[in-house]
Amino acid sequence: MMSGGPAVRVSIESTCERQVQEVSLDGMETYVPPLSMSQNLAKLAQRIDFDQSSDSDEEGPERENREPWSKPELEEDEGTVKFQPSLWPWDSVRNNLRSSLTEMCVLHDVLSVLKEKKYMALDPVSQDPAMTKTPQVFQLISKKKSLATAAQLLLKGAEKLTKSLAENQEQRRQRDFNSELLRLRSQWKLRKVGDKILGDLSYRSAGSLFPHHGTFEVIKNTDIDLDKKIPDDYCPLDVQIPSDLEGSAYIKVSIQKQSPDIGDLGTVNLFRRQPKAKPGSQMWHLKLEAAQNVLLCKEIFAQLSREAVQIKSQIPHIVVKNQIISQPFPGLQLSISLCHSTGEKKNQRASPDKSKPDDHLYVLEHNLHQLIREFHKQTLSSVVMPHPASAPFGHKRLRLAGPMAYDKAEISSLQQSEGLLEKIIKQAKHIFLRSRTARTIDSLASRVEDPQIQAHWSNINDVYESSVKVLITSQGYEQICKSIQLQLNIGVEQIRVVHRDGRVITLSHQEQELQDFLLSQMSQHQVHAVQQLAKVMGWHVLSFSNHVGLGPIESIGNASAITVASSNGEYAISVRNGPESGCKVLVQFPRSQAKELPRSDVVQDGKWIHLRGPYKEVHWGRMEGRNFVYKMELLMAALTPCP
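Residues numbered from 1 in each chain as written. Predicted model: local features only at pLDDT ≥ 70, side-chain atom pairs only at ≥ 80, totals over all residues. Heavy atoms only, no water.

**Q** It is not clear to me how the pairing of strand E18 (residues 572–578) should be interpreted in this structure. Could you clarify?
**A** Extensive coverage of E18 is indicated by the burial of seven of its seven residues. Where burial is concerned, the two faces of E18 agree: the one with Ala572, Ser574, Arg576 and Gly578 and the one with Ile573, Val575 and Asn577 are both buried. Sheet topology places strand E17 (residues 560–565) next to E18; six bridges connect them, and they run antiparallel. Of the residues in E18, the one forming a bridge with Val564 is Ile573. In this antiparallel pair of consecutive strands, E17 and E18, the connection spans six residues, and Gly569 shows a positive phi of 80°. Pairing of E18 with strand E19 (residues 582–590) involves seven bridges; the strand directions are antiparallel. Considered in E19, the bridge of Ser574 is made with Leu586. In this structure, the hairpin formed by E18 and E19 is closed by a connection of three residues. (Buried < 20%, exposed > 50% of the residue type's maximum accessible area, 1.4 Å probe, protein only. Helix = DSSP H or I, 4+ residues; strand = E, 2+ residues; numbered from the N terminus. Pairing = 2+ DSSP bridges.)

Written out as structure tokens, the structure reads:
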């Protein structure tokens, strides 16, 4: 710029290019959109100073006193529009601060007047007493309205929550039904027929030939009200089983005395207490298990009834309604009954000869279930196994029937197989014979105190055979009196007795025969105990016999006898013991001590004086001692000479 030249005004305008608002990551530029006419007008209006006209009309002295620092402005030519832009960017801020300061000063003055009493005094206005209660009433009404509004809001919220909870429960029920159906499918066989879901309760897949279909239907449980509280045992799934499989059933097997009239037998309805449900088990699972058990019991009873009619035995089996009667032993009857309870009728007619509640043989019921499962397994294996073209699978001897030229009897013997009823009858015979043997041994042990009888039952037994070891001892002399040790092998219809020396005796199922045998063995034990005691005391055994042919005849077995002499031969003791006659003890003294013995004219030599004299019976009941062996020990000790 030149110093001597006139000032030149230069007009600078902005370019038409729009400003860049944003540059994105991919290099795209976003421009600021151009202003509209209204926005442009508002922008220009912000640049107008509306206080300029009022400031120019003021007089010169006041203007000079208020703004002494301001410079005189150049007068513009007449006819031009007066437009003065803001000279200072913070001019609008200054103006706003100025107006705020004015308002604050006014507020300060008002507060000063109210606080300081020197400017103005304010006296309270008297009010009517009735008017003072009105605000309290209005306050209560306002509080009541407020509480009603809050309660209405809470009720609306509770209603919404209830509807939401019901919807959630419905959705959860649907999810629970699917999960329960999946659990049911993992345990039972299911299939879909049309719009129904059917299941199978039968044992056909395991080899059962029972004609019952055993089909149940899976349904959705909709008996619950969603508005009420859902119980803890609620299950969204339910099963519908056939009416003939409802309730509970079991096979009752008992051995009783023979009924005098079989025509009096009726339908047996003896029901046991229902087992308690396990915690965590579902109702549908319990219903299906009970229904399947009813189906299995019906299959077992049907199989037993079919075999009872087909088997030809000496004493025919009787099938009356839901009861099968057989006679394993004379005077006894085996009763197999199907007890089915539907839970509808509480008081049902029972048989006249009502059995005791504890006569049910649970072992035989369990064995029946095992036998029917073995039958299923055999049926399944015979069906599933492949058959060669040359010969069918079977027993090796049966395949050799043609080459070996077996006759009809031999072939029929190879094909014989015991049925379910025959097996359970044999097991019932064995159980009855074992219980009768135990009862006989226990009765003898409680009735006979000397000698003592002990029974040691084996824990490892068979369904057709059991064993028990019987020991006969005397109290206090168990170590020296071990001669009687018996092994009883209890079979189906007989008992085999094995002695310690290997002798074998076969007994029948009669209880009296076993009792007589044990009594004879206890009688022989006393004589054997005297023999063992004589060896310990130093006495000599002169004679011993288990079967004495002299004296009275015993109705039970034979009597045993033994004669022992002291170490110097002066005294002798003779013992005779029988199962029925009891014990008899005689003592023989030397001739020198026999005062009533007459002198013989023939025997004059003095050496005959050392012979023993006649026998004298001992009053055995007056002897002191707790048992027979202890009394015999005292007697031997009294007759033994001093060294």
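**Q** What exactly am I supposed to notice about the pairing of strand E4 (residues 196–200) here?
**A** Across a regular strand the side chains alternate sides, sitting on one face of the sheet and then on the other. Pairing of strand E3 (residues 189–193) with E4 involves five bridges; the strand directions are antiparallel. Its bridge partner lying in E4, Leu190 is registered against Gly199. If you look at the hairpin formed by E3 and E4, you'll find two residues sitting between the two strands, and Gly194 has a positive phi there, around 70°. Pairing geometry for E4 and strand E5 (residues 215–220), over four bridges, is antiparallel. Directly across from Gly199, in E5, lies its bridge partner Phe216.

**Q** What is the right way to read unusual backbone geometry from this model?
**A** With the exception of glycine, the majority of residues adopt a negative phi angle, and the majority of peptide bonds are in the trans configuration. Residue Asp450 is joined to Pro451 through a cis peptide bond whose omega torsion reads 0°. Its location among the elements puts Pro451 in the loop between helix H11 (420–447) and strand E11 (452–457). Although it is not a glycine, Lys321 sits at a positive phi angle of roughly 55°. One can find Lys321 in the loop between strand E8 (318–320) and strand E9 (323–326). A relative accessible area of 56% places Lys321 in the exposed class.

**Q** I'm lost on the nonpolar core in this one. Help?
**A** Nonpolar side chains in soluble globular proteins tend to end up buried together. If you look at the biggest cluster of nonpolar residues, it comprises 42 residues, and the most contacted ones within it are Leu184, Leu201, Leu237, Ile251, Leu288 and Ile336. When contributions to this core are tallied by element, the ones reaching two or more residues are helix H5 (129–187), E5, strand E6 (237–240), strand E7 (248–257), helix H6 (283–310), strand E10 (332–341), helix H7 (362–384) and H11. It is H6 that provides the largest number of residues to this core, a total of 11 residues. Setting aside anything within four residues of it in sequence, one finds Leu288 in contact with Leu184, Trp188, Leu201, Phe216, Val239 and Ile241. Trp539, Ile562, Val564 and Met636 belong to the second largest nonpolar core, which has 23 residues in total. (Core = buried A, V, L, I, M, F, W, Y, C linked by side-chain atoms within 4.5 Å. Contact = heavy atoms within 4.5 Å.)

**Q** Quick question: what am I supposed to make of the sheet that holds strand E20 (residues 612–617) here?
**A** Read from one edge to the other, the open sheet built from five strands follows the order E16-E17-E18-E19-E20, with strand pairing classed as antiparallel. On the outer flanks of this sheet lie strand E16 (540–545) and E20, each paired with one strand and no other. Across this sheet, the average inter-strand angle for adjacent strands is 15°, counted without regard to direction. Here helix H12 (residues 511–537) sits on the sheet and contacts E16, E17 and E18; the angle it forms with E17, its principal contact strand, is near 15°. (Axes fitted to C-alpha atoms, helices over the stretch in contact; angles between N-to-C directions.)

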